[in-house]
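# Descriptive structure summary
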Amino acid sequence: MAIYLPSTADEEQVTLDDLTPREIVTELDKYVIGQHAAKRAVAIALRNRMRRQKLTPELAEEVIPKNIIMIGPTGVGKTEIARRLAKLAGSPFLKVEASKFTEVGYVGRDVESMIRDLVEIAIEMVREEKLEDVADKAELNAEERLLDLLLPPANPRPTEPTGGVVLEGATVIEESSSRTREKLRQQLREGKLDDRTVEVEVREKNFPSFEIISNQGMEEMDVNIKDMLPNIFGQRTKKRKVKVNEAFEYLIQEEEQRLIDMDQVTRMAIDRVENSGIVFLDEIDKIAGRESGHGPDVSREGVQRDILPIVEGTTVNTRYGMVRTDHILFIAAGAFHVSKPSDLIPELQGRFPIRVELQSLTMEDFVRILTEPKSSLVKQYVALLDTEGVKLEFTPESLSEVARFAFRVNEGTENIGARRLHTIMERVLDEISFDAPEKKGQQVTIDADYVRKTLSEIVKDQDLSRYIL
């Protein structure tokens with residue numbers, strides 16, 4: 001299946017199949033600064049997926065994904081690389097913290113829930129695509145239904161048999177009704193009927209409440225309560241008087257649901273999960289290490305052993321059916337300050353053959369992060385204040401100062417990588433953001449002196465900067 005990358009009007013549309021690993025890295029460069037080794041690894045992994053689709057089914061079944069472990073401190077781009085890769089590929093993507101899982105027998109989330117969550121994401125993804133396909137037809141159908149409510153179809157009944165002859169009066173009534181209907185259609189499209197009230201039938205959502213007692217988590221229950229309720233209590237409807245514009249939105253949604261084949265959506269979603277799903281296992285280092293036999297670490301190795309079959313390839317039971325995990329790509333990440341990848345159980349290590357180390361960010365990287373990405377922080381703040389009529393401008397020297405302060409605070413306190421730029425920028429723009437509604441039509445320039453004046457006192461006080469920056 002060809003997946004099209006989003007492009008601007010002056011860019012030529014390109015399919016994912018046309019992208020080489022080098023071009024995938026170039027795409028990732030638009031959003032993530034540096035970390036070339038990690039980008040290369042994920043680009044090769046994505047390209048291998050495309051190569052696998054061109055193999056014979058027998059051979060393709062044998063080609064397993066080359067899972068990746070990213071090693072590096074927080075805030076250097078691990079999650080963003082994986083998220084952007086999934087968006088580039090049009091793949092279902094789930095980010096989950098490995099530390100949230102517990103071994104079977106303990107209270108907490110079981111590891112299979114990640115696959116169930118991934119399927120839910122894929123269902124919504126495919127459903128949104130189908131909604132786009134049927135949007136025009138749904139709107140036309142809703143328009144016809146709304147016109148029926150505004151002008152019920154004329155249906156004259158002759159009192160005597162006509163012998164198959166069309167009555168002249170009936171024809172005149174029909175033509176008059178048709179003209180009136182078209183006038184109403186025009187007024188409806190122009191919004192002239194928005195304040196008129198119509199009566200529509202809406203489904204009731206209030207079902208009797210009851211409690212379920214089970215020794216399993218709700219996510220493990222095979223019975224889908226939400227699907228059961230309509231069958232138990234019936235799809236009750238009631239009539240409500242609403243304005244035309246509100247009724248139109250409701251009828252469009254109803255038509256969209258009617259036009260979408262949810263069985264087909266489910267099949268496509270499961271296929272997409274099985275062949276192109278990506279799971280990002282963050283904080284994998286938190287479950288590394290052998291059992292100490294006591295304390296909070298007691299289930300670490302147990303969680304690893306529970307994750308192992310999911311990564312190796314197994315079948316997970318979901319509310320939509322059985323899902324195979326053999327060809328889902330797993331990208332694990334962790335800081336590994338205390339533990340190291342070799343502390344993972346050997347079987348799990350073997351399932352993550354590719355390991356890449358991400359580097360800590362430099363001051364130059366911070367400057368580039370502020371300006372170069374498509375949705376850089378500077379572009380975000382300029383756009384936000386533009387909504388208030390304030391023209392915000394940063395001098396190059398001011399951005400260098402922001403980067404310098406961020407780097408210094410990271411060195412002196414906890415190193416949280418590029419996330420430090422968010423706290424620094426919020427502090428710099430605090431007063432301007434607060435006063436923006438009163439500065440409509442003005443141009444505000446942020447220079448290096450303003451940045452130093454705003455941050456210098458806080459950065460000097462190490463204890464204070466720990467809490468504020």
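Scroll up for the structure.
Quick summary incoming for the structure in this document. Since the model is a prediction, treat every value here as computed from it, not as a measurement.

### Remarks on the overall build of the protein
Secondary structure summary: the protein contains 18 helices and 11 strands in total. By residue count, 41% of the 469 residues in the protein fall in the buried class. Pairs at least 24 apart in sequence give 78% of the contacts found in the protein among residues at least 6 apart. Total accessible area on the protein is roughly 26900 Å²; 50% of this is exposed by carbon and sulfur atoms.

### Brief notes about the pattern of salt bridges
In this structure the tally under the stated criterion is 30 salt bridges. For E401, the salt bridge goes to R452, with nearest N and O atoms at 3.5 Å. Of this pair, E401 sits in helix α14 (residues 396–412) while R452 sits in helix α17 (residues 448–460); the two residues are 51 residues apart in sequence, bridging distant segments of the chain. In this structure E401 comes out as buried when scored by relative accessible area, which is 11%. Across the pair D449 and R452 runs a salt bridge whose closest N-O atoms are separated by 2.5 Å. Of this pair, D449 and R452 both sit in helix α17, 3 residues apart, which is roughly one turn of that helix. Overlapping salt bridges, with partners in common, bring together E143, E144, E182, R185 and R189 in one network.

### Overview of helix α12 (residues 363–371)
Among the residues of α12, those classed as buried are D365, F366, I369 and L370. End-on view of α12: buried residues confined to an arc of 140°, all on one side of the axis. Its buried side turned inward, α12 meets α13 (377–386), α14 and α15 (419–428).

Cut-offs and rules
- Residues numbered from 1 in each chain as written.
- Predicted model: local features only at pLDDT ≥ 70, side-chain atom pairs only at ≥ 80, totals over all residues.
- Heavy atoms only, no water.
- Helix = DSSP H or I, 4+ residues; strand = E, 2+ residues; numbered from the N terminus.
- Buried < 20%, exposed > 50% of the residue type's maximum accessible area, 1.4 Å probe, protein only.
- Contact = heavy atoms within 4.5 Å.
- Areas by Shrake-Rupley, 256 points an atom, 1.4 Å probe, with all protein chains shown as cover.
- Salt bridge = Lys/Arg side-chain N within 4 Å of Asp/Glu carboxyl O.
- Arc of directions from axis to C-beta.

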